[in-house]
Amino acid sequence: MRTFILGTDWGTDCDDVVAVRLLTRAVKEKKINLAAIGINHCLHNSVASLDGFLTKEGVVGVPLGLDHDITEGEGRYQDHLAQYASFYRSNEDAEDAVRLYRRILAEAKDRVEILEIGFLHVIAKVLESGPDDISDMNGLDLVREKVAKLWIMAGKWDQDGGLE
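These numbers were taken from a predicted model, which means no experiment stands behind them. (Residues numbered from 1 in each chain as written. Predicted model: local features only at pLDDT ≥ 70, side-chain atom pairs only at ≥ 80, totals over all residues. Heavy atoms only, no water.)

**Brief notes about the overall build of the chain**
Looking only at helices and strands, one finds six helices and six strands in the chain. Each helix and strand of the chain, ordered N terminal to C terminal, gives the series β-α-β-α-β-α-β-α-β-α-α-β. Since a compact globule built from 164 residues should have a radius of gyration of about 15 Å, the 15 Å found for the chain is in line with a globular shape. Along the first, second and third principal axes, the C-alpha atoms of the chain reach 40 × 40 × 30 Å. The burial tally for the chain puts 46% of its 164 residues in the buried class. (Helix = DSSP H or I, 4+ residues; strand = E, 2+ residues; numbered from the N terminus. Rg over C-alpha atoms; globule rule 2.2 N^0.38 Å. Buried < 20%, exposed > 50% of the residue type's maximum accessible area, 1.4 Å probe, protein only.)

**Re the pairing of strand β2 (residues 32-39)**
β2 sits mainly inside the fold: seven of its eight residues count as buried. Relative to β2, strand β1 (residues 2-8) runs parallel, the two sharing seven bridges. Within β2, the residue paired with phenylalanine 4 across the bridge is leucine 34. Of the strand pairs in this sheet, β2 and strand β3 (residues 64-66) are connected by three bridges, and their pairing is parallel. Note on β3: the bridge partner recorded for isoleucine 37 is leucine 64. (Pairing = 2+ DSSP bridges.)

**With respect to the nonpolar core**
The nonpolar side chains of soluble globular proteins are, as a tendency, buried together. Leu6, Trp10, Ile37 and Leu50 are the most contacted members of the largest nonpolar core, which totals 26 residues. Sorting the residues of this core by element identifies β1, α1 (15-28), β2, α2 (46-56) and β3 as the ones contributing at least two each. Once residues lying within four places of it in the same chain are set aside, the contact partners of isoleucine 37 are Leu6, Thr8, Leu50, Leu54, Val62, Pro63, Leu64, Gly65 and Leu100. One finds Leu100, Val112, Ile114 and Val122 within the second-largest nonpolar core, a separate group that totals 18 residues. (Core = buried A, V, L, I, M, F, W, Y, C linked by side-chain atoms within 4.5 Å. Contact = heavy atoms within 4.5 Å.)

**A look at the side chain of aspartate 51**
Within the secondary structure, aspartate 51 is located in helix α2. An unpaired buried charge is present at aspartate 51: no salt bridge exists, and arginine 89, the closest side chain of opposite charge, is 5.7 Å distant. (Lys, Arg positive; Asp, Glu negative; His and termini not counted. Salt bridge = Lys/Arg side-chain N within 4 Å of Asp/Glu carboxyl O.)

**Notes on helix α4 (residues 97-107)**
Along α4, the residues that are buried comprise Ala97, Val98, Leu100, Tyr101, Arg102, Ile104 and Leu105. The N-cap of α4, judged by a side-chain oxygen 3.2 Å from the amide nitrogen of valine 98 a few residues on, is aspartate 96. (Polar contact = N/O pair within 3.5 Å; in protein donor to acceptor, adjacent residues only side chain to side chain.)

**Thoughts on the environment of leucine 23**
Within the element layout of this structure, leucine 23 appears in helix α1. For the pair formed by leucine 23 and asparagine 33, sequence separation is ten residues and the distance between their alpha carbons is 8.9 Å. Not counting the four nearest positions on each side in its chain, leucine 23 is found in contact with Leu6, Ile32, Leu34 and Leu115.

**Here's the deal with unusual backbone geometry**
Positive phi values are uncommon outside glycine, yet lysine 30 reaches one of about 60 degrees. Relative to the assigned elements, lysine 30 resides in the loop between α1 and β2.

**Here's the deal with the pattern of salt bridges**
All chains considered together, the criterion is met by ten salt bridges. For the salt bridge of glutamate 29 with lysine 31, the shortest nitrogen-to-oxygen distance reads 3.1 Å. We classify glutamate 29 as partly exposed; its relative accessible area is 37%. As a salt-bridge pair, arginine 102 and aspartate 132 come within 2.8 Å of each other at their nearest N and O atoms.

See below:
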């Protein structure tokens with residue numbers, strides 16, 4: 001069974017909601033293992049709302065991480081979904097996203113796949129990370145050894161008319 005880590009900017013647009021819904025369906029059909037989700041840009045209640053969304057989808061217990069330096073603003077659906085959270089009540093309850101990625105990778109018995117559909121600073125920080133109490137490997141070596149594929153949704157927005 002393939003194992004995934006999702007990186008998402010769970011916020012105001014629909015691509016992340018669709019991606020999480022597709023992943024939860026695959027989890028429930030026992031097609032994949034969703035080892036963790038890292039939120040790489042979020043709003044004031046993103047962690048609890050993502051937990052609430054997962055709970056409503058019937059997938060509980062997925063570890064959530066957050067880049068605690070990138071939290072701002074209000075969302076359209078976060079407060080509503082947060083009321084369904086099963087574990088995470090606030091953004092402060094989430095593990096640091098870089099630490100979460102390193103932990104999941106270090107503990108993985110088989111290679112995992114990483115899906116990055118948000119901003120790329122968390123995976124960049126993972127790659128740049130040094131050895132720590134989780135693993136004696138630096139981030140680049142950890143990714144080389146433990147990641148089968150890195151899937152990235154990207155775009156070119158630095159000029160008018162840039163495309164995904």
